[in-house]
Amino acid sequence: MKRAAVLSLFLLSASAQAGDPNTARATEMYLKVVKPIFQRKCFDCHGVATVFPWYHQIPGVRQLLDHDIREARENMDMSKDFPFQGKASPSDYLDSVEEVLHDGSMPPFRYRLIHRDSALTEEEKKAISGWINESRE
Ligand code: HEC
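Here the structure is a predicted model, which means the values were calculated and not measured.

Reading the values: rules and limits
Residues numbered from 1 in each chain as written. Predicted model: local features only at pLDDT ≥ 70, side-chain atom pairs only at ≥ 80, totals over all residues. Core = buried A, V, L, I, M, F, W, Y, C linked by C-beta atoms within 7 Å. Buried ≥ 20, exposed ≤ 12 C-beta atoms within 10 Å, placed from the backbone. Helix = DSSP H or I, 4+ residues; strand = E, 2+ residues; numbered from the N terminus. Axes fitted to C-alpha atoms, helices over the stretch in contact; angles between N-to-C directions. Parallel < 35°, antiparallel > 145°, perpendicular 65-115°, else oblique. Left-handed = near helix turned anticlockwise from the far one by under 90°. Contact = placed C-beta atoms within 7 Å. Nonpolar A, V, L, I, M, F, W, Y, C, P; charged D, E, K, R; others polar. pLDDT = per-residue confidence, 0-100.

Here's the deal with the nonpolar core
Moving on, step 1. Within the largest apolar cluster, 16 residues are counted, with the highest numbers of intra-cluster contacts made by V34, C42, M76, M78, Y93 and W131.
Moving on, step 2. Those elements that place two or more of their residues in this core are α2 (21-41), α5 (90-103) and α7 (122-136).
Moving on, step 3. At four residues, α2 tops the list of elements feeding residues into this core.

Printed below as a string of structure tokens:
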């Protein structure tokens with residue numbers, strides 16, 4: 001009995017060291033498929049934007065964008081990959097990303113007006129949902 005407990009403890013720590021295969025797959029999916037989408041469509045506000053879009057120069061637009069960036073990063077910073085940095089837990093972030101996929105609220109409408117190709121396509125949404133499901137398993 002005691003021996004079995006020791007053995008299972010050993011197995012548990014060994015598997016923790018090797019890394020959970022589901023987590024590893026989710027991480028790989030994130031880096032290969034999801035991150036490039038987020039980089040194109042979300043990093044202007046949720047990440048470290050190195051190149052500002054041309055309209056950032058327009059007075060008024062700049063204030064709006066700077067405000068968005070501050071607020072977006074405070075809420076959810078994607079720049080260090082998943083788990084995102086911010087106030088919520090990783091599983092809450094998965095829930096809220098799933099929510100914005102469904103309601104189409106991100107990127108915000110005013111941003112999509114000036115950045116016309118920034119809305120998520122159906123294909124991108126599918127890829128992101130796939131990653132969310134994988135991350136939850
Ligand atoms: C123009 C800037 C901007 C862009 C681009 C943008 N966001 Fe946001 N995002 C915000 C702001 C500001 C907030 C916080 C306030 C709000 O909810 O409107 C936010 C909040 C969120 C939240 C809620 C975080 C929480 O607190 O739980 C999610 C999820 C999210 N964004 C996902 C995305 C995704 C995915 C993309 C890309 C497809 C994206 N955003 C692109 C500005 C942006």
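Don't stop here, the text continues.
So, unusual backbone geometry
If a residue is not glycine, its phi is most likely negative; likewise, a peptide bond is most likely trans.
Moving on, step 1. Cis geometry marks the peptide bond from F82 to P83; its omega dihedral reads 0°.
Moving on, step 2. Inspection of the secondary structure assignment puts P83 in the loop between α4 (61-75) and α5.
Moving on, step 3. The phi torsion at D81 lies on the positive side, around 65°, for a residue other than glycine.
Moving on, step 4. You can see D81 is positioned in the loop between α4 and α5.

What about the packing of α5 against α7?
Two quantities define a packed helix pair, namely the angle between the axes and the distance from one axis to the other.
Moving on, step 1. One can describe the packing of α5 onto α7 by two numbers: an axis separation of 10 Å at closest approach and a directional angle of 155°. Taken together, the axes of α5 and α7 lie roughly antiparallel to each other. At the point where α5 passes α7, the crossing takes the left-handed sense. The segment α5 lies against α7, with L94, V97, E98 and L101 engaging K125, I128, S129, I132, S135 and R136.
Moving on, step 2. A per-class count over the contact of α5 with α7 returns five nonpolar, two polar and three charged.

Some points on the confidence of the model for the protein chain
Moving on, step 1. Mean pLDDT for the protein chain: 86, with 84% of residues reaching 70 or above.
Moving on, step 2. For the stretch residues 13-17, pLDDT sits under 50, and the model shows zero contacts to residues farther than four places along the chain or on other chains.

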